[in-house]
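Results of the structural survey
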Amino acid sequence: MTEHTPPVTQTSNGAGPRRPAAEADVIVVGAGPSGSTTAYYLAQAGLDVLLLEKTRFPREKVCGDGLTPRGVKALVAMGISVSEQDGWVRNKGLRVIGAGKRLELPWPELSSYPGYGLVRPRTDLDQMLARRAEHAGARLLEGVTVTGPVRHERTGRITGVVAKDANGERTYRARVIVAADGNSSRLSVAMGLRKRDDRPLGVAVRTYYQSPRHDDDYLESWLDLWDGDRLLPGYGWIFGMGDGTSNVGLGLLNTSAAFGNTDYHALLRKWLAGMPAEWGFTEENRTQPIRGAALPMGFNRTPHYYQGLLLVGDAGGMVNPFNGEGIAYAMESGEILARTIAQALARARRAETERVLAGYPRALSEAYGGYYSAGRAFVKAIGQPTLMRFATKHAMSRPALMRFALKLLANLTDPRGDVSDRLVNGLSKLAPNPK
Ligand SMILES: Cc1cc2nc3c(=O)[nH]c(=O)nc-3n(C[C@H](O)[C@H](O)[C@H](O)COP(=O)(O)OP(=O)(O)OC[C@H]3O[C@@H](n4cnc5c(N)ncnc54)[C@H](O)[C@@H]3O)c2cc1C
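Residues numbered from 1 in each chain as written. Predicted model: local features only at pLDDT ≥ 70, side-chain atom pairs only at ≥ 80, totals over all residues. Heavy atoms only, no water.

1. Things to note about the packing of helix H10 (residues 399–410) against helix H11 (residues 419–430)
The packing of two helices is summarised by the inter-axis angle and the distance between the axes. The contact between H10 and H11 brings their axes to 10 Å, and the two run at 40°. Relative to H11, the element H10 is oriented oblique. For the element pair H10 and H11, the recorded crossing hand is right-handed. For the pair H10 and H11, the contacting residues are Phe404, Lys407 and Leu408 in the first and Ser420, Asp421, Leu423, Val424 and Leu427 in the second. Partitioned by chemical class, the residues of the contact of H10 with H11 number five nonpolar, one polar and two charged. (Axes fitted to C-alpha atoms, helices over the stretch in contact; angles between N-to-C directions. Helix = DSSP H or I, 4+ residues; strand = E, 2+ residues; numbered from the N terminus. Parallel < 35°, antiparallel > 145°, perpendicular 65-115°, else oblique. Left-handed = near helix turned anticlockwise from the far one by under 90°. Contact = heavy atoms within 4.5 Å. Nonpolar A, V, L, I, M, F, W, Y, C, P; charged D, E, K, R; others polar.)

2. A short note on the site of the ligand
Taken together, 37 residues form the shell around the ligand, and within it Glu53, Arg59, Gly64, Gly66 and Asp314 come nearest. Residue Arg59 places a side-chain N or O atom 2.7 Å away from an oxygen atom belonging to the ligand. When isolated, the ligand has an accessible area of 1,000 Å², and the protein chains bury 93% of it. Of all the elements in the fold, those that place two or more residues in the shell around the ligand are helix H1 (33–44), strand S2 (49–53), strand S9 (145–151), strand S16 (234–240), strand S18 (291–296) and helix H6 (327–345). Taken together, the residues that form the shell around the ligand break down as 17 nonpolar, 11 polar and nine charged. (Near = heavy atom within 4 Å. Polar contact = N/O pair within 3.5 Å; in protein donor to acceptor, adjacent residues only side chain to side chain. Areas by Shrake-Rupley, 256 points an atom, 1.4 Å probe, with all protein chains shown as cover.)

3. Regarding the sheet that holds strand S4 (residues 89–91)
A sheet is described by the order of its strands in space; here three strands give the open sequence S3-S7-S4, paired in antiparallel fashion. Every interior strand has two partners, whereas the edge strands, strand S3 (66–67) and S4, have only one. In this structure, S4 lies alongside strand S7 (residues 117–119), joined through three bridges in antiparallel fashion. Counterpart to Val89 in the pairing with S7 is Val119. (Pairing = 2+ DSSP bridges.)

4. Considerations on the packing of aromatic side chains
For the coordinates displayed, the defined rule picks out 14 aromatic pairs. Geometrically, the ring pair formed by Tyr235 and Trp237 is edge-to-face, given 6.3 Å between the ring centres and 65° between the ring planes. We classify Trp237 as buried; its relative accessible area is 9%. In textbook terms, an aromatic cluster arises when at least three aromatic residues are bridged by ring pairs, as seen for Phe299, Phe322, Tyr329, Tyr368, Tyr371, Tyr372 and Phe378. The ring of Tyr116 carries Arg90 above its face, with NZ or CZ at 3.9 Å from the centroid. Sitting above the plane of the Trp279 ring, Arg213 keeps its charged end 4.3 Å from the centroid. (Phe/Tyr/Trp six-rings, centres within 6.5 Å; stacked < 30°, edge-to-face > 60°. Buried < 20%, exposed > 50% of the residue type's maximum accessible area, 1.4 Å probe, protein only. Lys NZ or Arg CZ within 6 Å of the ring centre and 35° of its normal.)

5. Structural notes on the sheet that holds S16
The sheet built from seven strands is open, its strands ordered S6-S5-S13-S16-S17-S12-S18 with mixed pairing. Of all strands in the sheet, those with a lone pairing partner are strand S6 (101–106) and S18, marking the two edges. Averaged over neighbouring strand pairs, the angle between their axes works out to 20° when direction is ignored. Each of strand S12 (201–210), strand S13 (219–222), S16 and strand S17 (245–253) is contacted by helix H5 (residues 264–273), which is oriented at about 125° to S17, the strand it contacts most.

6. As for empty space enclosed by the protein
Under the criterion given, the structure shown has one cavity of 30 Å³ or more. The calculated volume of the largest cavity comes to roughly 30 Å³. Taken together, Val89, Arg90, Asn91, Val119, Asp216, Tyr218, Leu219 and Gly240 form the lining of the largest cavity. In terms of residue count, the dominant contributor to the lining of the largest cavity is S4 (three residues). (1 Å grid on protein atoms, 1.4 Å probe; cavity = no way out; pocket = protein on both sides within 12 Å on 5 of 7 lines; lining within 4 Å. Points joined across faces, edges and corners; volume = space filled by probe spheres on them.)

7. Comments concerning the side chain of His304
The residue His304 is located in the loop between S18 and strand S19 (305–306) in this model. Polar contacts involving the side chain of His304 include one to the main-chain carbonyl oxygen of Arg301, which spans 3.1 Å. Among residues more than four places away in sequence, those in contact with His304 are Phe299, Leu309, Leu310, Leu311, Gly316, Met318, Tyr360, Pro361 and Leu364.

8. Concerning the environment of Thr147
Inspection of the secondary structure puts Thr147 in strand S9. Separated by 65 residues in sequence, Thr147 and Val82 have C-alpha atoms that sit 36 Å apart. Thr147 has contacts with Val162, Ala163 and Lys164, leaving out every residue within four places of it along the chain.

9. Some words on the nonpolar core
In this structure, Val28, Leu75 and Ile341 are the most contacted members of the largest nonpolar core, which totals 60 residues. In terms of residue count, the dominant contributor to this core is H6 (10 residues). Setting aside residues up to four positions removed in sequence, Val28 forms contacts with Gly35, Thr38, Ala39, Leu42, Val49, Leu50, Leu51, Leu52, Val178 and Ala180. Within the second largest apolar cluster, 23 residues are counted, among which are Val119, Leu219, Met396 and Leu406. (Core = buried A, V, L, I, M, F, W, Y, C linked by side-chain atoms within 4.5 Å.)

10. Notes on the environment of Phe57
As for its position among the elements, Phe57 is in the loop between S2 and S3. Setting aside chain neighbours within four positions, we find Phe57 in contact with Ala31, Asp126, Gln127, Ala130, Arg131, Leu140 and Glu142.

11. Re the pattern of salt bridges
Taken as a whole, this structure holds 24 salt bridges when the rule is applied. Ionic pairing is found between Asp217 and Lys92, a salt bridge with its closest N-O pair at 2.9 Å. Here Asp217 is found in the loop between S12 and S13, whereas its partner Lys92 is found in the loop between S4 and strand S5 (93–98), with 125 residues between them in sequence. Among the residues examined, Asp217 registers a relative accessible area of 30% and is labelled partly exposed. You can call Lys92 partly exposed: its relative accessible area is 47%. Connected through shared salt-bridge partners, Arg95, Glu104, Arg213, Asp216 and Glu220 make up one network. (Salt bridge = Lys/Arg side-chain N within 4 Å of Asp/Glu carboxyl O.)

What follows is the structure, given as C-alpha cells:
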C-alpha cells in the first residue's frame, strides 16, 4: 500500500552522511503502550508501519506499574499471555485507606472486563508491547529520536519526520504520521498543538522499596495526603511488585492551590513517615531514585487530528481524570486509531481518506468524551479541600457507595449491567462531550 514517491535525499546536519529517505504507509513516533499498540493493529491490517523510538528496550518509564481490569483486557486483546507463570502479579481489587478507615473493594464482576488487575514493571511491559508490534510486522527502529516534522511547503500538512540516530540525521516519509511520543509530545508542539489550560493535569512521583508487602494481592490507595490542615486532591499508592519490592508513589491534581508549589519528594517522605516501620518504607530500603512526571488528563491536547498528524495516548492527553490510569487508555486509543487509519488508507481518493481520518476525534469523543467531562467536574470539585474532606469522610463509611465509586473511578461497567452500571453509564452520557 506504500505510495511510490521517488526516494528523496535530505540535507544532513553535517554530522552524518546523506541517506535516502525511508518510507512507509504510517510512521508511529514513540513505542510506549500507545505507539506499540497502534503499530501492532496497523501491521495486523497489512500496512507497512515504521515505529520510531528514541530509547532502546528494555528501558525505564516512570509509572505506578499498575493495571486495572481495563488494562488486562487490552493486553489480552493483543494476544499477550497474562498468566502468573509468565511473570505477572495479579490483584483482586483496590484497598482504599482514608478518614481512619480501610476498605477492600474487589474489582466488579462484569462480562466486559476480567475480574482481576495486574502489576508489571514498565521495563518489561513496554518491551513486551513493542516486540509484539514487531512480531506482527511493524518495523521498530530503536535509538531513533524524531526531531521535527517535514511539512508540505504550501499546505503545511505533515508528510514525514526528521530523526537522528547514531549515524546522523534522516528523513522518514509516510501518508499518515502518529504522535505517540507521550506527555510532552514534541512532535505535536512542533505542529502547533499545545496542552490546554482548561483541562486537568496531574503530577506524580514514585520510587521502589524493599518491603514484606511486595506480594500484596490488592492495589492500595491512600486518600489522606495532607498539606498542613488541607486535604490534597490526589492519592498515594502502594503496589506490590512480587519481586521483593513495592512501587510507592503519590499524585496530585492541578485543581488544588498546592499544585504548583508542592515539594513532591518531601510530601512522599512525610506520608511514608506515618507508615508502620515493619513495612520497610525507609531510606535504607529504597532501591531506586524518586522520579516524577506529568499525567495529561481528560483530552488535554486537541485536536486529535490535525494536518495529517494523529495524536494517541498521553500525547493526546488521554489519562483518566478520575484515577490517573493511562496505560489502558493509551492502548485502547491505539486500537481505535489503527482501525481508523486502516479504513482511511484503503479509500481510493484523498478526499475520502481525509473524511475517514477526521472521524478519529469523533470516535474518541464517543468512547470517552462524556466520561472525561464528568471527570473534569470531579477534579474541580475535589480541588476544594472542604469538599474533598467531606467526600472522603462520608464515602469511606459507606461500603456500598465505595463499590459504586470504584466502578465510576475505574470506568468499569457493562453496557447493560446492574443499576450502578447504568448509573455510571448514564452519568457519562449526560455530561456534555468536550470540544
Ligand atoms: C508517576 C506516574 C505513575 C503512573 N502510574 C500509572 C499506573 O499505575 N497505571 C497506569 O495505567 N498509568 C499510570 N501512569 C500513566 C502512564 O504512565 C501513561 O499514561 C502511559 O505511559 C502513556 O503511554 P504512551 O504510550 O501514550 O506514552 P509513553 O509511555 O510516555 O511513551 C512515549 C514513548 O515515546 C518515546 N518518545 C518520546 N519522544 C520521542 C521522540 N522525539 N522520538 C522518538 N521517540 C520518542 C518515549 O521514549 C516513549 O517510549 C502513571 C504516570 C506517572 C507519571
